[in-house]
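# What the coordinates show
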Amino acid sequence: MTSTSAAPMRSPFFVALDVDDEKTALKIVEETEDLAGGFKIGPRLAYRYGQDFAKRLARHSALFVDCKFHDIPSTVKAALKSAFESGATFATVHASNGSHCLKELAKLEAEFNRERFFKILAVTVLTSFEENSVPQNWAPSKTIGEHVQILADEVCNAGLSGLVCAPTEVQALRANHRDAFLVTPGIRADKTQTKNSDDQKRTMSASEALTAGATALVVGRPILEAPKPREALAELIKSINGFKK
Ligand code: C5P
């Protein structure tokens, strides 16, 4: 699969390359590229190694740049252009950029898609938040699920269709946004897999998230910290076998 084709993904799993050096990242890519749907890099690798490294990854598989841009519209658009030019197929922004910015991004996404497939994914509420840990300035009368719905509506009304949410919100979002591309981190086999050091709070297993309506899943530590990352990803794929949308 090249960076210029996003669908069909080989599997619904994006492997989050949450490591500090390119050698380790490339080793994981080489070990798992025939099983993964794509690879995700965040600021940790993007700032360290920049566009050349991103281009290298994009030659292997669909590249997902997860730097969650949140800024004034011109800056967000310029950042997305740079991600697009690095060969990325997916890139994240915060859904809370506001409807003016989101509408501008929908136009930009359409422009990019005239050249090749590219999807902007708007992050609703981070999977590390729980009801009692959301920022103090958020309306206290609203649940996380309600915040996610409001943000998702704003994103889709602006003309975008890519959303990132916790697995626990997928079912409700899918009901309201049938055609959305729903990406879900916070994937854990079961509660015992969420170690104290893990910061994910609103989690589900891969098959539960897909059954709820997720399009693609992001998995980092359950693969990266496994004794054999390739086997961990193969197990995840096995766990969703027989899954039908
Ligand atoms: O290790 P784990 O599977 O928890 O990794 C999840 C990945 O998804 C991390 O790279 C994290 O930055 C990213 N992510 C997230 N929650 C969001 C958006 C992205 O956990 N809402």
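Right above here is the structure, for reference.
Let me begin by describing the structure that accompanies this report. Since the model is a prediction, treat every value here as computed from it, not as a measurement.

## As for the nonpolar core
- Membership of the largest hydrophobic core comes to 69 residues, with the highest contact counts inside it found for Phe-13, Leu-17, Ile-41 and Leu-80.
- Sequence-distant contacts of Ile-41, that is, excluding residues within four places in its chain, are made with Leu-17, Ala-46, Phe-53, Ala-54, Leu-57, Leu-63, Phe-64, Val-65 and Asp-66.
- Counting 13 residues, the second-largest nonpolar core is a separate cluster that includes Val-123, Val-164, Val-183 and Val-218.

## Topic: the side chain of Glu-109
- Within the secondary structure, Glu-109 sits in helix 4 (residues 99-115).
- Lys-119 provides the closest opposite charge to the buried, salt-bridge-free Glu-109, at an N-O distance of 4.5 Å.
- Of note is the side chain of Glu-109, whose polar atom sits 2.8 Å from the backbone nitrogen of Ile-120.
- For Glu-109, the residues in contact, after removing those within four places along its chain, are Phe-118, Lys-119, Ile-120 and Leu-160.

## A short note on the site of the ligand
- If you check the shell around the ligand, you find 17 residues, and the closest are Asp-18, Lys-40, Thr-127, Arg-188 and Arg-221.
- A distance of 2.7 Å separates an oxygen atom of the ligand from a polar side-chain atom of Arg-188.
- Within the backbone of Arg-221, an N or O atom sits 2.7 Å from an oxygen atom of the ligand.
- Coverage of the ligand by the protein amounts to 87% of the 470 Å² it exposes when considered alone.
- Of all the secondary structure elements, the ones that give two or more residues to the shell around the ligand are strand 3 (63-69), strand 8 (216-219) and helix 8 (221-224).
- Across the shell around the ligand, the residue classes break down as eight nonpolar, three polar and six charged.

## What to know about the packing of helix 1 (residues 22-32) against helix 2 (residues 43-60)
- The N-to-C vectors of helix 1 and helix 2 enclose an angle of 25°; their axes lie 11 Å apart at closest approach. Accordingly, the angle class assigned to the pair helix 1 and helix 2 is roughly parallel. The two elements helix 1 and helix 2 cross, and the hand of that crossing is right-handed. For the pair helix 1 and helix 2, contact is made by Glu-22, Ala-25, Leu-26, Val-29 and Glu-30 and by Leu-45, Tyr-49, Phe-53, Arg-56, Leu-57 and His-60, respectively.
- By residue class, the composition of the contact of helix 1 with helix 2 is seven nonpolar, one polar and three charged.

## A word on the pattern of salt bridges
- Summed over all chains, the structure comprises eleven salt bridges.
- Here Asp-20 makes a salt bridge to Arg-44, at a shortest N to O gap of 2.7 Å. Taken as a pair, Asp-20 in the loop between strand 1 (13-16) and helix 1 and Arg-44 in helix 2 lie far apart in primary sequence, 24 residues in all.
- For Glu-31, the salt bridge identified is with Lys-27, shortest N-O distance 3.3 Å. In this pair, Glu-31 and Lys-27 are both assigned in helix 1, four residues apart and thus about one turn of the helix distant.

Each value, and the rule that gives it
Residues numbered from 1 in each chain as written. Predicted model: local features only at pLDDT ≥ 70, side-chain atom pairs only at ≥ 80, totals over all residues. Heavy atoms only, no water. Core = buried A, V, L, I, M, F, W, Y, C linked by side-chain atoms within 4.5 Å. Buried < 20%, exposed > 50% of the residue type's maximum accessible area, 1.4 Å probe, protein only. Contact = heavy atoms within 4.5 Å. Helix = DSSP H or I, 4+ residues; strand = E, 2+ residues; numbered from the N terminus. Lys, Arg positive; Asp, Glu negative; His and termini not counted. Salt bridge = Lys/Arg side-chain N within 4 Å of Asp/Glu carboxyl O. Polar contact = N/O pair within 3.5 Å; in protein donor to acceptor, adjacent residues only side chain to side chain. Near = heavy atom within 4 Å. Areas by Shrake-Rupley, 256 points an atom, 1.4 Å probe, with all protein chains shown as cover. Nonpolar A, V, L, I, M, F, W, Y, C, P; charged D, E, K, R; others polar. Axes fitted to C-alpha atoms, helices over the stretch in contact; angles between N-to-C directions. Parallel < 35°, antiparallel > 145°, perpendicular 65-115°, else oblique. Left-handed = near helix turned anticlockwise from the far one by under 90°.

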